[in-house]
Amino acid sequence: MTPDTGTRSRLTDDLPALSRLALHPDEPEHAGRDDGTPPPTETLATLFERQARRRPGGSALVLQDTILTYGEVDRRANRLARLLAGQGAGPERVVALALPRSADMIIAMLAVTKAGAAFLPVDPDYPADRIAFMIRDADPTLVCSTAAAATRLPAGPPLVLLDGPDTAAALSGLPDTGLAGAVPPPSPARLAYVIYTSGSTGTPKGVAVTHGGVGTLAAANSERMAVGAESRVLQFSSPSFDAIVFELLATFAAGAALVIPPPGTLAGEALAAVVTEHRVTHAVLPPVAAGSVSAAGLPGLRSLLVAGEACSGDLVARWSPGRRMINAYGPTETTVCATMTDPLSGSATPSIGRPIPGAAVHVLDDALRPVAPGTPGELYVSGDLLARGYLRRPGLTAERFVADPFAGDGSRMYRTGDLVSRTPDGDLVFHGRVDDQVKVRGFRIELGEIEAVLTGHPAVDRAVAVLREDQPGTQQIVAYLITVNRTAPPAAELREFASRFLPEHMVPTAYVVVDSFPVTPSGKLDRRALPAPDRSPATGREPRTPAEEAFRTIFADILQVAQVPVEGNFFELGGNSLLAIPVIQKAREFGLAITPRQLIENPTIEKLAAVARPVGQ
């Protein structure tokens, strides 16, 4: 949907007329500054430092059995910042953080920012090949990690082991005071962080976000979420997902406390337990996670912001009574968030709201002309929240970050690829995508990346990936394959192959071999005509032990599959990391204890029953 050269020329010639067009006569498309003032120069570090001066004894990080104050965290971050700066970290340089969700990750993010550099979060649980690509592509000056996580890192940039004795000795000899004067002052245009997202060409792409976007977002979100100094905000997001930036800004801008749960999937009883035990008052959750717990059972959670995927009216009806609930929207390319709703109520499907301060939105047709209210068009976002672009990909940056014909000052707008319409009240309603990008459990996924990985298998000629929801509320990625010589590799082999590069949430749960792909009358791929995976009862050995019988009952109940054989694989039957939580919970009801890692490594009923132990043992 990129306009051709002639269209761009006509738009340039008619800029005065275009500037008079409004998306809705009563609702301006700009919510941020339009007076030419620069974006704020606030950074994650300066926000934190302000609170450390105001209330050094206030709780900053709440862990399982430890509370770290703003003063303590600031001093630790200052020492680490000095160490990193001494080893080359500085403006426009990237420092990779291969760390799990932890206090070390938060302190390292602050330290990198204090040193003037940009941080790159790397999930140490990602496949080794994917981690290697991110490190190679970003070319960081340093990598911060732990001894355990470093075993999965490629050779290359200098490594700083945060739990290593050499690092501890070096830190102990450094001042714990701020670095004012030792590093250049922050500027809005300077690189703040890099987040890798799924790429349609088969490899992930790094989104380069500046301090200008961070400062603008910081000014917008804590007030909307009603965060105060007494609040406790849940750190739910994976460190490699940009929602963590939103969580930190909302927390530190208000001087609140960030609750950091142990690494692992948070859903169901595990999520409810963390919220209850640590008295969490504010959270940012994808709708699928919010839907896994009882709203009535968490009265202390006073403010909930849902984002990352479509929010249903049923979820609003369950969560909005008695608390502040907001629906937010925004790609990584717009510094996490671009629009928010007002506080929600009722049971209607919510809109994605209106632009937050610092953002402007445009709903346009194929020729970049504003469409009438109620008419779907592609959503474009402009303003201070825009990222710089894609790291070392000028061609892709130029394709997605296009000239803004409504500004007249050389600024850009980002093509989101999302179809929306504007209501008479000015809210934006989401209608879907103009391409093959999908959202699964809050993760943005380019199906083309999955397809490119699978075609690398020697037995696969062509591949198509589709997000299906054959059972209401249960989404799964299904891969359709045309194989070489029409021979079908085992599903377990294909899953293992895909897992070498794709993170768990991108690995297809089902693999269907077809002779050809259906096409529409115009000759395009018809994804809707692809057959549903065969979920007919499988044959195999019957359970021989009470544990095997218990896990067969659990699998059948959660995955809605009848007569599961003991050789049945949880993931091949449609399971995922989110569904692993209820498996673990139901196993405890049968008196069996298993861990998430045991389920991943032993996904069949037979193997899982062999490693399960009696509860309490």
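Residues numbered from 1 in each chain as written. Predicted model: local features only at pLDDT ≥ 70, side-chain atom pairs only at ≥ 80, totals over all residues. Heavy atoms only, no water.

## Some points on the domain arrangement of the chain
What the domain assignment lists for the chain is domain 1 (44-422), domain 2 (443-529) and domain 3 (546-614). The gap between the C-alpha centroids of domain 1 and domain 3 is 33 Å. In this assembly, 8 residues from domain 1 lie in contact with 5 residues from domain 3. Here domain 1 and domain 3 share an interface that buries about 500 Å² over both sides, 64% of which is from carbon and sulfur atoms. Of all residues in domain 1, the largest losses of buried area upon contact with domain 3 belong to Thr-265, Ala-267 and Glu-269, amounting jointly to 67% of the total for that side. Taken together, domain 1 and domain 3 are joined by 0 salt bridges. The interface formed by domain 1 and domain 3 includes 0 residue pairs in polar contact (both at pLDDT 80 or more). Counting residues per element, the side of domain 1 that touches domain 3 draws most heavily on helix α11 (residues 268-277), at 3 residues. Of the residues contributing to the side of domain 1 that touches domain 3, the split by class is 4 nonpolar, 2 polar and 2 charged. (Domains from an automatic or database assignment. Contact = heavy atoms within 4.5 Å. Buried area = accessible area lost by both parts, 1.4 Å probe. Salt bridge = Lys/Arg side-chain N within 4 Å of Asp/Glu carboxyl O. Polar contact = N/O pair within 3.5 Å; in protein donor to acceptor, adjacent residues only side chain to side chain. Helix = DSSP H or I, 4+ residues; strand = E, 2+ residues; numbered from the N terminus. Nonpolar A, V, L, I, M, F, W, Y, C, P; charged D, E, K, R; others polar.)

## Thoughts on empty space enclosed by the protein
On inspection of all chains with the given rule, the structure shows 3 cavities of 30 Å³ or more. Estimated volume of the second largest cavity: approximately 70 Å³. Lining the second largest cavity are Val-440, Arg-441, Gln-475, Gln-476, Ile-477, Glu-504, His-505, Val-507, Thr-509 and Asn-576. It is strand β25 (residues 474-483) that contributes the most residues to the lining of the second largest cavity, 3 residues altogether. (1 Å grid on protein atoms, 1.4 Å probe; cavity = no way out; pocket = protein on both sides within 12 Å on 5 of 7 lines; lining within 4 Å. Points joined across faces, edges and corners; volume = space filled by probe spheres on them.)

## Let's talk about the environment of Pro-154
Relative to the helices and strands, Pro-154 resides in the loop between α7 (147-150) and β6 (159-161). Between the C-alpha atom of Pro-154 and that of Ala-128, which follows or precedes it by 26 residues, the distance is 7.9 Å. Discounting chain neighbours no more than four positions away, the residues touching Pro-154 are Ile-131, Ala-132 and Ile-135.

## Quick notes on the side chain of Asp-404
Residue position: Asp-404 is located in the loop between β19 (401-403) and β20 (412-422). With no salt bridge to any partner, buried Asp-404 finds its closest opposite charge in Arg-412, at an N-O distance of 9.5 Å. Setting aside anything within four residues of it in sequence, one finds Asp-404 in contact with His-362, Ser-382, Ser-411, Arg-412 and Met-413. (Buried < 20%, exposed > 50% of the residue type's maximum accessible area, 1.4 Å probe, protein only. Lys, Arg positive; Asp, Glu negative; His and termini not counted.)

## What about the packing of helix α3 (residues 44-54) against helix α5 (residues 103-114)?
It is at 8 Å that the axes of α3 and α5 come closest, and there the two elements cross at 110°. By the angle between their directions, the pair α3 and α5 is classed as roughly perpendicular. Taken together, the residues of α5 that come into contact with α3 (itself represented by Leu-44, Ala-45, Phe-48 and Glu-49) are Met-109, Leu-110, Thr-113 and Lys-114. Residues that form the contact of α3 with α5 fall into these classes: 5 nonpolar, 1 polar and 2 charged. (Axes fitted to C-alpha atoms, helices over the stretch in contact; angles between N-to-C directions. Parallel < 35°, antiparallel > 145°, perpendicular 65-115°, else oblique.)

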